[in-house]
Amino acid sequence: RTGSGAHGGAAWSPTVPTTARRAATGPAPHLKRAGGSAAVKAMLLEWCRARTRGYQHVDVQNFSGSWGSGLAFCALLHSFFPDAFDYTSLEPGARRHNFTLAFATARERAGCAPLLEVEDMVRLPVPDAKCIYTYLQELYRCLVAKGLVKTKKR
């Protein structure tokens, strides 16, 4: 997979919560409020689903259990940075490795602030949906800032 094409063109405009705004490295003026928070969440979830479609052991249905093995994070990042690691070598049971790999790749390749801790993700059997949602908004913002996600100009 590459960072361009049909998946890269999905338009989405998140509302960035205060925690992610504080963690952000710069303003993202193109991120406009697009309806209520439910609409924003639905758009972000659909974007994640579209970017990870076809990846083995990944079925993004929500902002909690779908992210529990770390593979959804790995698949999402691999869809933008296919040369960063060999996705096919990853195992669902290697949660610590998957989260470590995903968060390091997000930090190094996308400049995404480390809003989630590997230890917290491994400790929780089902990740906290608000934490996952906030992190994914920040990752999206960073990818947009790098020009890897195209958004509609309003």
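Residues numbered from 1 in each chain as written. Predicted model: local features only at pLDDT ≥ 70, side-chain atom pairs only at ≥ 80, totals over all residues. Heavy atoms only, no water.

The protein is annotated in an unreviewed UniProt entry as SMTL1 protein of Herpetotheres cachinnans. Under the UniProt heading Sequence similarities (unreviewed entry), the note attached to the protein is "Belongs to the smoothelin family." (UniProt positions renumbered as here; feature names shortened; annotations may be inferred.)

Draft legend 1. Looking closely at the overall build of the protein. When its secondary structure is counted, the protein shows six helices and zero strands. The order of helices and strands in the protein, counted from the N terminus, is α-α-α-α-α-α. Sequence separation of 24 or more characterises 65% of the internal contacts of the protein that already satisfy a separation of 6 or more. With the model as given, the accessible surface of the protein reaches about 7600 Å², and the carbon-plus-sulfur share is 55%. (Helix = DSSP H or I, 4+ residues; strand = E, 2+ residues; numbered from the N terminus. Contact = heavy atoms within 4.5 Å. Areas by Shrake-Rupley, 256 points an atom, 1.4 Å probe, with all protein chains shown as cover.)

Draft legend 2. Seen up close, the packing of aromatic side chains. Inspection of the entire model under this criterion finds eleven aromatic pairs. Ring centres of Tyr55 and Tyr87 lie 4.8 Å apart, and the angle between their planes is 80°; this geometry places the pair in the edge-to-face category. Of this pair, Tyr55 sits in the loop between helix 2 (37–52) and helix 3 (71–80) while Tyr87 sits in the loop between helix 3 and helix 4 (95–110); the two residues are 32 residues apart in sequence, bridging distant segments of the chain. Residue Tyr55 is classed as buried on the basis of its relative accessible area, which comes to 9%. Among the residues examined, Tyr87 registers a relative accessible area of 7% and is labelled buried. (Phe/Tyr/Trp six-rings, centres within 6.5 Å; stacked < 30°, edge-to-face > 60°. Buried < 20%, exposed > 50% of the residue type's maximum accessible area, 1.4 Å probe, protein only.)

Draft legend 3. Quick look at helix 3. Among the ten residues that make up helix 3, ten are buried, leaving the element largely enclosed by the rest of the structure. Taken as a whole, helix 3 has its buried residues at Leu71, Ala72, Phe73, Cys74, Ala75, Leu76, Leu77, His78, Ser79 and Phe80. In the core, the buried residues of helix 3 are packed alongside helix 2, helix 4, helix 5 (118–123) and helix 6 (129–145).

Draft legend 4. Representation of unusual backbone geometry within the structure. Positive phi, close to 70°, is recorded for His57, a residue that is not glycine. Within the secondary structure layout, His57 lies in the loop between helix 2 and helix 3. Classification of His57 as partly exposed rests on a relative accessible area of 49%.

Draft legend 5. Looking closely at the confidence of the model for the protein. Averaged over all residues, the pLDDT of the protein is 82; the fraction at 70 or higher stands at 75%. A low-confidence stretch, residues 1–33 (pLDDT under 50), is modelled with 70 contacts involving residues beyond four sequence positions or located in other chains. (pLDDT = per-residue confidence, 0-100.)

Draft legend 6. Quick peek at the packing of helix 3 against helix 6. Interhelical geometry of helix 3 versus helix 6 gives an angle of 5° and a closest axis separation of 13 Å. Overall, the two elements helix 3 and helix 6 adopt an arrangement that is roughly parallel. Contact residues: Phe73, Leu76, Leu77 and Phe80 in helix 3; Ile132, Tyr135, Leu136, Leu139 and Leu143 in helix 6. (Axes fitted to C-alpha atoms, helices over the stretch in contact; angles between N-to-C directions. Parallel < 35°, antiparallel > 145°, perpendicular 65-115°, else oblique.)

Draft legend 7. Broad picture of the pattern of salt bridges. One pass over the structure, following the stated rule, counts six salt bridges. For Arg109, the salt bridge goes to Asp83, with nearest N and O atoms at 3.1 Å. Here the residue Arg109 occupies a position in helix 4, and Asp83 occupies one in the loop between helix 3 and helix 4, the gap between them amounting to 26 residues. Look at Arg109 and you get partly exposed, because its relative accessible area is 31%. Given a relative accessible area of 60%, Asp83 falls into the exposed group. A salt bridge links Glu138 to Arg141, with the shortest nitrogen-to-oxygen separation between them at 3.2 Å. Placement of the pair is Glu138 and Arg141 together in helix 6, with a separation of three residues, close to one helical turn. (Salt bridge = Lys/Arg side-chain N within 4 Å of Asp/Glu carboxyl O.)

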